[in-house]
Protein chains: 4
Amino acid sequence: MGITLAQAQTALQAAHQKAIELNVNMNIAVVDAGANLVAFIRMDDAWLGSLDISIKKAKTARFFDMPTGAIGGLSQPGGPLYNIEHSNGGLITFPGGIPIPGRSGGFMGAIGVSGDSVENDHAVAQAGVQALAQPAQ
Amino acid sequence: MGITLAQAQTALQAAHQKAIELNVNMNIAVVDAGANLVAFIRMDDAWLGSLDISIKKAKTARFFDMPTGAIGGLSQPGGPLYNIEHSNGGLITFPGGIPIPGRSGGFMGAIGVSGDSVENDHAVAQAGVQALAQPAQ
Amino acid sequence: MGITLAQAQTALQAAHQKAIELNVNMNIAVVDAGANLVAFIRMDDAWLGSLDISIKKAKTARFFDMPTGAIGGLSQPGGPLYNIEHSNGGLITFPGGIPIPGRSGGFMGAIGVSGDSVENDHAVAQAGVQALAQPAQ
Amino acid sequence: MGITLAQAQTALQAAHQKAIELNVNMNIAVVDAGANLVAFIRMDDAWLGSLDISIKKAKTARFFDMPTGAIGGLSQPGGPLYNIEHSNGGLITFPGGIPIPGRSGGFMGAIGVSGDSVENDHAVAQAGVQALAQPAQ
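Residues numbered from 1 in each chain as written. Chains lettered and ligands numbered in written order. Predicted model: local features only at pLDDT ≥ 70, side-chain atom pairs only at ≥ 80, totals over all residues. Heavy atoms only, no water.

A.B. asks: Help me understand the overall build of chain A, please; the structure alone is not making it clear to me.
C.D. replies: Within chain A, the secondary structure is distributed over four helices and four strands. Along the chain direction, N to C, the helices and strands of chain A fall in the order α-β-β-α-α-β-β-α. The C-alpha atoms of chain A give a radius of gyration of 14 Å, which matches the 14 Å a tight globule of 137 residues would have. Based on the C-alpha atoms only, the size of chain A along its principal axes is roughly 40 × 40 × 25 Å. The buried share of chain A, taken over its 137 residues, is 55%. At a minimum sequence separation of 6, the contacts of chain A that also span at least 24 residues come to 64%. Here chain A has roughly 5400 Å² of accessible surface; of this, 51% comes from carbon and sulfur atoms. Separation between the mean location of the 7 positive side-chain charges and that of the 10 negative ones in chain A comes to 7 Å. (Helix = DSSP H or I, 4+ residues; strand = E, 2+ residues; numbered from the N terminus. Rg over C-alpha atoms; globule rule 2.2 N^0.38 Å. Buried < 20%, exposed > 50% of the residue type's maximum accessible area, 1.4 Å probe, protein only. Contact = heavy atoms within 4.5 Å. Areas by Shrake-Rupley, 256 points an atom, 1.4 Å probe, with all protein chains shown as cover. Lys, Arg positive; Asp, Glu negative; His and termini not counted. Charge placed at Lys NZ, Arg CZ, Asp CG, Glu CD.)

This is the structure:
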């Protein structure tokens, strides 16, 4: 199903490190190509409600192979995907979830981060994705 | 897990008393630091639908350690946390839920009130929180 | 819907007192004639998993107007109500839930207790029911 | 909320190491005192269905502060807790979940393991718990 545990842990550690640099307490989740959880951490004193949100962000990003914030732009009142959040047992469509590209195209998983501003959530997720980017790309 | 039953009952009784003063019929819930229910009352003739709302308000306030209304300000269409209510089995993000500060920092629980206007819900919740405030603070 | 908050609190306090006498830490729930929660307490150090069980016992007892243990006798493999626990969002059919008789027949609610042996759960629930029994009955 | 992320990761790594020694592919979950997830890994090629089971085992162990297999002994047909699995959104009551003792009494969390025989699930969980045992105990 794509991402390995070792890869997921590499992404998780890079995201964790970024959160420490930003001085924020995050929930960080990595799912595989099947949108099933592979690795997760909740930092001390992170918001309890962000646990579920981080997992839902990771799933949402892989469900549609795009950053969660991009979906949120389409799910507003009057938008083409209005209230898509009701599907799949609950989506989260604000920033913080990013799909993880596969080595040979497509996506091998996604990362979801929740615990601070959506800007910081997204930055921490991005650090996780970048840790898996191929050197000579 | 933070708040004791005795403390929760102190908050519940103060909130109940405030509801009687305001002549409103409330559902009042207190959760602990783990967002699990510790004490609950539903006043006679209170809206039945407010039972679940009061518990969800208490949980929501502890999930993010802020008054529920503050989250509602961010979850509006176009806002940064649009439709966050789909997480955690359902959040309630209008006023009436308030986290309860711990004796040594952090939060030991939260109170959620539902049954009348959101202003009255919030006022009743606040009475519960204040009953646990330290005298010499 | 039957039981008043004052009556529910009378039952709750009597059950709480019985739990203290037995030196056990209980979750205690009272529901009304509509099987909706009216009052609840979780004693300090009570099992967290018993929170949901105590509420489900109270609901189950009112759903069928009999002690939960009586239903459990019918829901065993080969029994007439085998696996009835799958209904109503989950029933609990071992002892600890007892319906509360109304003043003019029928039932005005139920009490559910969880946190120790099923014998003690039942004894604490019974103390709650008896506190509401009419003197000259 | 009991266990820290650092402690949870210590338990997770020890359990992971034990799984490698036993040559089994496991899902391993650690929850805090509030039964909320703190850290999780799914080893490559581990059963996908064991993801949810590992988390439910960890929650179940903390819900009742005993190994999950002990509850399973009581929830059999004819047993005192028959079908308790219907509570709390689904319990898992066969071996593989163990509560983690706190430093000053009580429990600070629990670990749940799923992916192989229940004997191996339990052994891997136990390795996680032992990694947090105090040296001079």
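A.B. asks: What is the right way to look at the packing of aromatic side chains in this model?
C.D. replies: For any pair of aromatic rings, the description rests on two quantities: the centre-to-centre distance and the angle between the ring planes. Taken as a whole and judged by the stated rule, the model has six aromatic pairs over all chains. Judged by centre distance (6.4 Å) and plane angle (80°), the rings of B:F63 and B:F64 are edge-to-face. With respect to class, B:F63 is no different from B:F64; both count as buried. Ring-pair connections join several aromatic residues into one group, and the members of that group are A:W47, B:F63 and B:F64. (Phe/Tyr/Trp six-rings, centres within 6.5 Å; stacked < 30°, edge-to-face > 60°.)

A.B. asks: Help me understand the sheet that holds strand β1 (residues 27-32) of chain B, please; the structure alone is not making it clear to me.
C.D. replies: Within a sheet, each strand pairs with its neighbour through backbone hydrogen bonds, oriented either parallel or antiparallel. Taking strand neighbours across the sheet as the criterion, the eight strands line up as β3(B)-β4(B)-β1(B)-β2(B)-β2(C)-β1(C)-β4(C)-β3(C) in an open arrangement whose pairing is antiparallel. Only two strands of the sheet have a single neighbouring strand rather than two, namely β3 (97-101) of chain B together with β3 (97-101) of chain C. The mean inter-strand angle of the sheet, taken between neighbouring strand axes irrespective of direction, is 15°. Pairing between β1(B) and strand β4 (residues 107-114) of chain B: six bridges, direction antiparallel. Across the sheet, B:V31 pairs through a bridge with B:A110, a residue of β4(B). Packed on one face of the sheet, helix α1 (residues 5-22) of chain B meets β1, β2 (37-42) and β4 of chain B together with β2 (37-42) of chain C and runs near 25° to β2(B). (Pairing = 2+ DSSP bridges. Axes fitted to C-alpha atoms, helices over the stretch in contact; angles between N-to-C directions.)

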